[in-house]
Amino acid sequence: MSAARRLDPVLLLALPAVLYIAVIYGVPLLVLLGRSLLVGGVPSLAPFISFFSDGFSWIVIGNTVRISVLVTLLCLVIGYPTALALARTRGAMQALILVAIILPLSVGVVVKAFAWQIVLRRDGIVSQFMTGIGLWDEPQRLLFTEAGLVIGAANVFVPFMILPIYSVLKLIDPRLGEAAATLGASPFYRFFKVALPLSLPGIVTGIAFVFSMAASMYVIPSLLIGDRFQTLATLTGRSFLFMRNEQLGSTTAVVLLVLTVAVVVASASLSKRLGGAS
Amino acid sequence: MSGGSGFLSVAGAAKTFGAATVLDGVDLSMGRGEFISLLGPSGCGKTTLLRIVAGLMAPDQGKVALDGQDITRRPPHKRDVSVVFQNYALFPHLSVAENVAFGLKARGAPRDEIAPTVAKYLGLVQMSAFAGRSIKALSGGQQQRVAVARALAVGPKLLLLDEPFSALDRKLREAMQIDLKRILRDVGTTAIFVTHDQDEALTMSDRIAVMYAGRIEQLGTPAEIYHQPATPFALGFVGLSTRLPGKVTEAADGMVTVETAAGSLRARANFLPGSPVLLGIRPERMVIGHDKANRIEAPLADAAFQGARVQLHFHAPEDSQILVETPVLPADAGPGTKLKLSWDVEDTLVYPAAVASP
């Protein structure tokens, strides 16, 4: 790396975006951070100490991480093959898959979450289907369960897993697969030794997207699992809106921020390192 | 060398894409250890034929057999046919040594054999010093060498090379041609080399298959292709030539007299009087002066100095081309000078021409 790094004038093009983010997002964030670190106008770590010494906080953190990891994994399992199909097809079929992925993004999260409420309830279509094929003895409700939340959230976030993986996969030279084949590699070996490692940067980006969105989702858990189940995001919302406890709200918001930023930064550096090898 | 003993045999391979016939029933047979070039312009089907042999594409019709086994429907990873691609297709996430080891690992070669084999083939292509490097840190010529080492390391029955030198500059290309020839001779690999570069094909090949419009026009040694091109296409695509269309006026005892715009010329061939034909003469067979049997006169258009030789272009009647290569340009000749040209009857190539529409 060169020691002297000059400011590129092209970077000035990002100025409007930087200013916008600074005013709309940066300032309130600083206010929030300030609140969490000030007690009665005096700087203090007391809010964090009391937050982390409360057992309930750890349950909330656990809920957040567990749900985010499960949603991310489900999105990866569903999204990778879809991205592969998208990258390997051409023409009308590819357009069809792309539309099927992108069009649902135009439907609001609230609408989707309400739709899932109907699908997941005791007399919903999932329950009818499972009892119909005999896997369930009696109708069950998935609504207001963690499973229902993970299913619904994955539905909303899966495009953000598919698209980054697809954008990396489509750039992989198809001759690499052919070269591997003529060298004697079976389709299975080709996938695990060529396509998969080369698409890792896309996977990492997709994980960062979905994890951070799942960790901070508010509407979906509110509608699909309810108040009994708290995550950092829903607790933040409740602190401000219902409990009027701004101290707690800004503390949980900062914890959530640190968690998601850590995941995004870690994956960005991982992606860069993997991208550097490809 | 040129006896195609059928180590690889392609029979009646045909392939169409939509309405376009890319391969139109190609037969090709080659012996073990032979080096054959598929030579032709882009779109002639040479790359399609290569992909069919590699198993990367299935022919609509026809059979491919290698070493006595029908492999027409066999997937590429079970064929023992390696390919060096035009863009090398090296694995960017692997080092030089890992690229060369890839095929061995994929085939489940014993662990303790992989490292020595990789070292051997990297040595063969003079890339040992680069074993630990990233692919991206290599120049085009170095990537080329790694691609060859990777393809050879698995010990393929057949090596296919798809225009591997086309991205290299001229000097490097010529050095690589000689190197590759040496390496393949050392290893004893049977190879098919796809190229549109006639010099490359003439330099490297045991035999050349000249391809045009989905067919093999001629299969022969470089000397055969050059001195006895079988079709007007082979005449025109490989090397330069004087071309004179005409009509047979007399035919007797295997000799014909052909009336052309440049004059009446004799050739050894069997045609009926009245047949339209095309006469071809290689430029180095023609001499200045009327010392030989077939004689014409033509005004000089241009002289191109090429070091050991001078290439003379003449003004020629429509549909004709007159081209002579001579060691020395006559001192008094300049553009417009009418020069006497002649050549032997035996050096006159004769091809049936399409019948002119009435």
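Going along each chain's sequence as written, the residues are numbered from 1 onward. Lettering of chains starts at A and numbering of ligands starts at 1, both following the order in which they are written. Local features are withheld for residues below a pLDDT of 70 in this predicted model, meaning they are given only at 70 or higher, and side-chain atom pairs are given and counted only at 80 or more; totals for whole chains, interfaces and linings count all residues. Side-chain calculation: all heavy atoms of the structure are included, whereas hydrogens and water are not.

### Quick notes on the overall build of chain A
Convention followed: Numbered from the N terminus, helices here are DSSP runs of H or I no shorter than four residues, and strands are runs of E no shorter than two. For every residue, the accessible area (1.4 Å probe, protein chains only) is compared with the maximum for its type, and the residue is labelled buried under 20%, exposed over 50%, or partly exposed between those bounds. In short, Shrake-Rupley with a 1.4 Å probe defines the accessible areas, and a residue's cover is counted only from the protein chains shown. Charged residues are defined narrowly, with Lys and Arg counted positive, Asp and Glu counted negative, and His plus the chain ends left uncounted. Charge coordinates come from a single atom per side chain, which is NZ of Lys, CZ of Arg, CG of Asp or CD of Glu.
Each helix and strand counted, chain A has 13 helices and 2 strands in total. Here chain A, with 278 residues, has 38% of them falling under the buried criterion. Accessible area for chain A stands at about 15,500 Å²; split by element, carbon and sulfur atoms hold 73% of it. Counting 19 positive and 10 negative side-chain charges, chain A places the centres of these two groups 9 Å from one another.

### Let's talk about the interface of chain B and chain A
The following threshold applies: Contact criterion: two residues are considered in contact whenever any of their non-hydrogen atoms come within 4.5 Å of each other. Put simply, buried area is the surface a 1.4 Å probe can reach on two separate parts but cannot reach once they are joined, added for both. A pair is scored as a salt bridge if a Lys or Arg side-chain nitrogen falls within 4 Å of a carboxyl oxygen belonging to Asp or Glu. Here a polar contact means two N or O atoms within 3.5 Å. Within protein one must be a hydrogen donor candidate and the other an acceptor candidate, and residues neighboring in sequence count only if both atoms are side-chain atoms. Asp, Glu, Lys and Arg are counted as charged, while Ala, Val, Leu, Ile, Met, Phe, Trp, Tyr, Cys and Pro are counted as nonpolar; the rest, among them Gly, fall into the polar class.
Counting residues at the interface gives 25 residues for chain B and 23 residues for chain A. Each partner contributes to the roughly 2,000 Å² buried at the junction of chain B and chain A, and carbon and sulfur atoms together form 63% of this total. Of the charged contacts in the structure, one is a salt bridge between B:Arg51 and A:Glu178, with a shortest N-O distance of 2.6 Å. Remark: the boundary between chain B and chain A carries 5 residue pairs in polar contact (both at pLDDT 80 or more). Secondary structure elements with two or more residues in the side of chain B that touches chain A: helix 1 (46-54), strand 6 (81-84), helix 2 (96-106) and helix 4 (140-153) of chain B. Residues belonging to the side of chain B that touches chain A are distributed by class as follows: 14 nonpolar, 5 polar and 6 charged.

### Looking at the pattern of salt bridges
Residues and elements named next belong to chain B. A full pass over the atoms with the stated rule returns 23 salt bridges over all chains. The closest approach of N and O atoms between Asp179 and Arg145, which form a salt bridge, is 3.0 Å. Of this pair, Asp179 sits in helix 5 (residues 170-187) while Arg145 sits in helix 4, and the two are 34 residues apart along the sequence. With its nearest N and O atoms 3.8 Å apart, the salt bridge here joins Asp186 to Arg182. Residue Asp186 and its partner Arg182 are located together in helix 5, separated by 4 residues, close to a single helical turn. With relative accessibility at 27%, the residue Arg182 sits in the partly exposed group. Salt bridges sharing common partners tie together Arg32, Asp67 and Lys157.

### Description of the UniProt feature "domain: ABC transporter" (unreviewed entry) in chain B
Put simply, the test is: UniProt positions are given in the numbering used here, feature names are shortened, and annotations may be inferred rather than shown by experiment.
The feature "domain: ABC transporter" (unreviewed entry), as annotated in UniProt, sits at residues 8-238 of chain B in this numbering. The span residues 8-238 of chain B carries 37% helix and 26% strand; its end-to-end C-alpha distance comes to 25 Å.

### Overview of the nonpolar core
Stated formally: Buried Ala, Val, Leu, Ile, Met, Phe, Trp, Tyr and Cys residues that are joined via side-chain atoms within 4.5 Å together make up what is termed a nonpolar core.
One finds A:Val71, A:Phe157, B:Leu8, B:Leu38, B:Phe102 and B:Leu160 to be the most contacted residues of the largest nonpolar core, which totals 81 residues. For this core, the element with the most residues is helix 3 (residues 55-88) of chain A, which contributes 8 residues.

### With respect to the domain arrangement of chain B
Residues and elements named next belong to chain B. Note the following rule: Boundaries of every domain are those given by an automatic assignment or by a domain database.
If you check the domain split of chain B, you get domain 1 (8-236) and domain 2 (240-352). Every contact between the two is made by 11 residues of domain 1 and, on the other side, 10 residues of domain 2. Counting the surface lost from both domain 1 and domain 2, the interface buries some 860 Å², and carbon and sulfur atoms represent 52% of this. Among the elements that line the side of domain 1 that touches domain 2, the one with the most residues is helix 8 (residues 232-237), at 4 residues. Its residues assigned to classes, the side of domain 1 that touches domain 2 comprises 7 nonpolar, 4 polar and no charged.

### Regarding the UniProt feature "domain: ABC transmembrane type-1" (unreviewed entry) in chain A
Here the UniProt feature "domain: ABC transmembrane type-1" (unreviewed entry) sits at residues 61-269 of chain A. Split by type, residues 61-269 of chain A is 78% helix and 0% strand. Its first and last C-alpha atoms lie 24 Å apart.

### A few points about the sheet that holds strand 3 (residues 35-39) of chain B
All names here are of chain B. What counts here: One bridge is not enough; two strands pair if DSSP finds at least two bridges between them. Lines fitted to C-alpha atoms define the axes, with helix axes restricted to the stretch in contact, and inter-axis angles between N-to-C directions lie between 0 and 180 degrees.
Spatially, 6-7-8-3-9-10 is the arrangement adopted by the 6 strands of the open sheet, whose pairing is mixed. Every other strand in the sheet has two partners, leaving strand 6 and strand 10 (215-220) as the edge strands with one partner each. Along the sheet, successive strands turn relative to each other by an average axial angle of 20°, direction set aside. Sheet topology note: the strand 9 (residues 207-212)/strand 10 ladder contains 5 bridges and is antiparallel. Counterpart to Ala209 in the pairing with strand 10 is Leu219. Helix 1 contacts strand 3, strand 6, strand 7 (158-162), strand 8 (190-195) and strand 9 of the sheet and is inclined by roughly 150° relative to strand 7.

### Quick notes on the UniProt feature "transmembrane region" (unreviewed entry) in chain A
Residue and element names in this part refer to chain A. Following the UniProt record, the feature "transmembrane region" (unreviewed entry) maps to residues 12-33, 45-61, 67-87, 96-119, 147-169, 198-220 and 248-270 here. Helix makes up 86% of residues 12-33 and strand makes up 0%, while its end C-alpha atoms are separated by 28 Å. For residues 45-61, the helix share is 82%, the strand share is 0%, and the end-to-end C-alpha distance is 19 Å.

### Some words on helix 5 (residues 109-120) of chain A
Residues and elements named next belong to chain A. Our working rule: What a helix should span is 1.5 Å times the count of its residues minus one. The directions from the helix axis to the C-beta atoms form the arc being described.
Over its 12 residues, helix 5 runs 16 Å from end to end, which matches the ideal 16 Å to within 8%, given 1.5 Å per residue. Taken together, the buried positions of helix 5 are Lys112, Ala113, Trp116, Gln117 and Leu120. An end-on view of helix 5 places all buried positions within 150° of arc, on one side of the element. Buried-residue contacts for helix 5 involve helix 6 (125-132), helix 7 (146-157) and helix 11 (219-224).

### A word on helix 12 (residues 232-241) of chain A
Think of an α-helix as 3.6 residues a turn; residues three or four steps apart then line up on the same face. Among the 10 residues of helix 12 of chain A, 7 are classified as buried, and the element is accordingly described as predominantly covered. The set of residues buried in helix 12 of chain A consists of A:Leu232, A:Ala233, A:Thr234, A:Leu235, A:Thr236, A:Gly237 and A:Ser239.

### Notes on the side chain of B:His77
When you line up the elements, B:His77 lands in the loop between strand 5 (69-70) and strand 6. Overall, B:His77 belongs to the buried group, its relative accessible area being 17%. Discounting residues that sit within four places of it in the chain, B:His77 has contacts with A:Ala181, A:Gly184, A:Ala185, A:Ser186, A:Pro187 and A:Arg190.

### Points about the packing of aromatic side chains
The following threshold applies: Pairing of aromatic side chains here covers Phe, Tyr and the six-membered ring of Trp, requires ring centres within 6.5 Å, and sorts the geometry by plane angle: under 30 degrees stacked, over 60 edge-to-face, intermediate tilted. Both a distance and an angle decide whether a charge sits over a ring: NZ of Lys or CZ of Arg must be within 6 Å of the ring centre and within 35 degrees of the ring normal.
Under the criterion given, the structure shown has 11 aromatic pairs over all chains. Here the aromatic rings of B:Tyr212 and B:Phe233 are separated by 4.1 Å at their centres, their planes lie at 20°, and the arrangement is stacked. Highlighted residues: B:Tyr212 in strand 9 and B:Phe233 in helix 8, separated in sequence by 21 residues. Among the residues examined, B:Tyr212 registers a relative accessible area of 39% and is labelled partly exposed. B:Phe233 sits in the buried class, given a relative accessible area of 17%. Members of the aromatic cluster, joined through ring pairs, are A:Tyr80, A:Phe188, A:Phe191 and A:Phe192. Taking the ring centre of B:Phe35 as reference, the NZ or CZ of B:Lys181 above it sits at 5.6 Å. Positioned above the aromatic ring of B:Tyr226 is the side chain of B:Arg282, whose terminal nitrogen or guanidinium carbon lies 4.2 Å from the ring centre.

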